[in-house]
Amino acid sequence: MFGNLDINFIIFGIMPYAALTILVVGSIARYDRDQYTWKSSSSQLLRRKQLIWGSILFHVGIITIFFGHLVGLFTPVWVLDALGVPYALKQWMAVIIGGPAGVAALIGGTMLLHRRLTDARIRAHSSWSDIIVMVLIWLQLLIGLLTITQTLQHMDGSEMVRFMSWSQSIVTWNINAWVTVVDVHWLYKLHIFLGLLITAYFPFTRLVHMISGFAAPFRFLLRPGYQIVRSRRQKPLADRKSTTPAE
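About the cut-offs
Sequence positions are assigned chain by chain, starting from 1 and proceeding in written order. In keeping with the model being predicted, local features are shown solely for residues with a pLDDT of at least 70 and side-chain atom pairs are shown and tallied solely at 80 or more, while totals for entire chains, interfaces and linings include all residues. Values shown for side chains rest on all heavy atoms present in the structure; no hydrogens or waters enter the calculation. Counting from the N terminus, the helices are DSSP H or I runs at least four residues long and the strands are E runs at least two residues long. Three labels apply to residues, based on accessible area from a 1.4 Å probe with only protein chains included: buried if under 20% of the type maximum, exposed if over 50%, partly exposed otherwise in between. Only the protein chains shown count as cover for residues, with accessible areas throughout obtained via the Shrake-Rupley method and a probe of 1.4 Å. Working rule for contacts: check all heavy atoms of both residues, and any pair within 4.5 Å makes them a contact. To get the bend at a given residue, fit one axis to the seven residues ending there, fit another to the seven starting there, and take the angle between those axes. Counted as a polar contact is a pair of N or O atoms within 3.5 Å, where, for protein atoms, one must be capable of donating a hydrogen and the other of accepting one, and residues adjacent in sequence contribute only when both atoms are in side chains. A patch is a set of surface residues, each over 30% in relative accessible area and not in a salt bridge, joined within 9 Å for like charges and within 5 Å for the nonpolar side chains Val, Leu, Ile, Met, Phe, Trp and Tyr. Basic side-chain nitrogens of Lys or Arg form a salt bridge, by our definition, when they fall within 4 Å of a carboxyl oxygen of Asp or Glu. Angles run from 0 to 180 degrees between N-to-C directions of axes, and those axes are lines fitted to C-alpha atoms, restricted for helices to the stretch in contact. For classification, angles of less than 35 degrees are called roughly parallel, those exceeding 145 degrees roughly antiparallel, those between 65 and 115 degrees roughly perpendicular, and all remaining angles oblique. Helix crossings get a hand from a simple test, with the near helix turned counterclockwise from the far one by less than a right angle marking a left-handed crossing and a clockwise turn marking a right-handed one. We call Asp, Glu, Lys and Arg charged. Ala, Val, Leu, Ile, Met, Phe, Trp, Tyr, Cys and Pro are nonpolar, and the rest, Gly among them, are polar. pLDDT measures how confident the predictor is about each residue, on a scale from 0 to 100. One less than the residue count of a helix, multiplied by 1.5 Å, gives the span that helix is expected to have.

Glancing now at the overall build of the chain. The number of helices and strands found in the chain is 11 helices and 0 strands. For the chain, the α and β elements follow one another from N to C terminus as α-α-α-α-α-α-α-α-α-α-α. For the chain, the residues scored as buried account for 36% of the 247 residues in total. By element, 69% of the accessible surface of the chain is carried by carbon and sulfur atoms, the whole surface being about 16400 Å².

Encoded structure:
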């Protein structure tokens, strides 16, 4: 029954939906059941200087890459055509902006990973999931930079349009979306595969703190919690038993 399944169909046709489902359901379940684990578990008091430089480079680079991919992949092609934006120009912008951002994120990620692996105190407070996800992100950044070598060979924007079509076909539930990228270079395929793997692994790591700012307001709207306030009362409250009238 499954003998004729193409690995490309599994990775680029089925895996995106599986990864997104795990991301959404896993994040909601963790937020609902294990709220005290929904944090970054900072170790900023240890080797602070290396943390600051690594964190700044990593976060600035990764945020730039994230929104660059978001806008680049999910902007409809007809919008580029309507605005008269040449595909080649968009491709050059991706290289010029994404390249330095990727280098910054990789350098910062290397510093953070080195800090986590070589400092005995930080290593003792790190879980395997912390290390695994950092290694995956580091590899993803490295492979992303290596794809530039292939991108420079297709500066007409043709490859870019293929990835845009694939991404947008996925969100519109086109079952044949995988055909769009079936014959792209293996570096691109590995880059997509690792991206989907990180997406699925996201809810089980400290990365969930990235969406805290979005999740918290909805939590209080749907299920109000409690607020701790400091009272100005000078005297303790009277004993409720002593004020209860006798029957």
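The discussion continues.
Moving on: the side chain of Thr151. Positionally, Thr151 belongs in helix α7 (residues 148-151). Among all residues touching Thr151, those that are not within four sequence positions of it are Gln91, Val95 and Tyr188.

Of all bends in helix α1 (residues 7-33), the biggest is about 50°, found at Met15, and the proline Pro16 comes one to four residues later. Capping the start of α1, Asp6 holds a side-chain oxygen 2.7 Å from the backbone nitrogen of Asn8, two or three residues further along.

On to a nonpolar patch on the surface. On the surface, a cluster of nonpolar side chains totalling about 660 Å² of accessible area is made up of Ile63, Phe66, Phe67, Leu70, Val71, Phe74 and Val171. The greatest single-element share of the nonpolar patch, amounting to 6 residues, is contributed by helix α2 (residues 48-74). Along the chain, Ile63 turns up in helix α2. The partly exposed category is assigned to Ile63, whose relative accessible area is 46%.

Glancing now at the side chain of Gln140. Position of Gln140 among the secondary structure elements: in helix α6 (residues 128-146). Overall, the relative accessible area of 13% leaves Gln140 in the buried class. Beyond its immediate stretch of four places on either side in the chain, Gln140 contacts Leu190, His191, Leu194, Gly195 and Ile198.

Glancing now at the pattern of salt bridges. For the coordinates displayed, the defined rule picks out 2 salt bridges. Across the salt bridge formed by Arg162 and Glu159, the nearest N and O atoms sit 3.0 Å from each other. Pair noted here: Arg162 and Glu159 are both in helix α8 (residues 158-171), with a separation of 3 residues, about one helical turn. Owing to a relative accessible area of 22%, Arg162 belongs among the partly exposed residues under this scheme. Between Arg162 and Asp183 there is a salt bridge; the shortest N-O distance is 2.1 Å. You can see Arg162 sitting in helix α8 and its partner Asp183 sitting in the loop between α8 and α9 (186-201), a full 21 residues away along the chain.

A few words now on the packing of α6 against α9. It is at 9 Å that the axes of α6 and α9 come closest, and there the two elements cross at 155°. On the basis of the axis angle, α6 is roughly antiparallel to α9. Like other packed secondary-structure pairs, α6 and α9 cross with a definite hand, here left-handed. Across the interface between the two elements, Ser129, Ile132, Val133, Leu136, Ile137, Leu139, Gln140, Ile143, Gly144 and Leu146 of α6 pack against Leu187, Leu190, His191, Leu194, Gly195, Leu197, Ile198 and Tyr201 of α9. For the contact of α6 with α9, a count of residues per class yields 13 nonpolar, 5 polar and no charged.

Turning our eyes to something else, we now look at the confidence of the model for the chain. Residues with a pLDDT of 70 or more make up 75% of the chain, whose mean pLDDT is 81. Per-residue pLDDT, averaged within each element of the chain, yields its smallest value for helix α11 (residues 240-243) (52) and its largest for α9 (94).

A few words now on α8. Taking 1.5 Å of rise per residue, the 14 residues of α8 would be expected to cover 20 Å, and the 21 Å separating its terminal C-alpha atoms lies within 8% of that figure. Buried residues of α8: Glu159, Met160, Val161, Phe163, Met164, Trp166, Ser167, Gln168, Ser169 and Ile170, and no others. Trp173 sits one or two positions beyond α8 and adopts a positive phi of about 60°.

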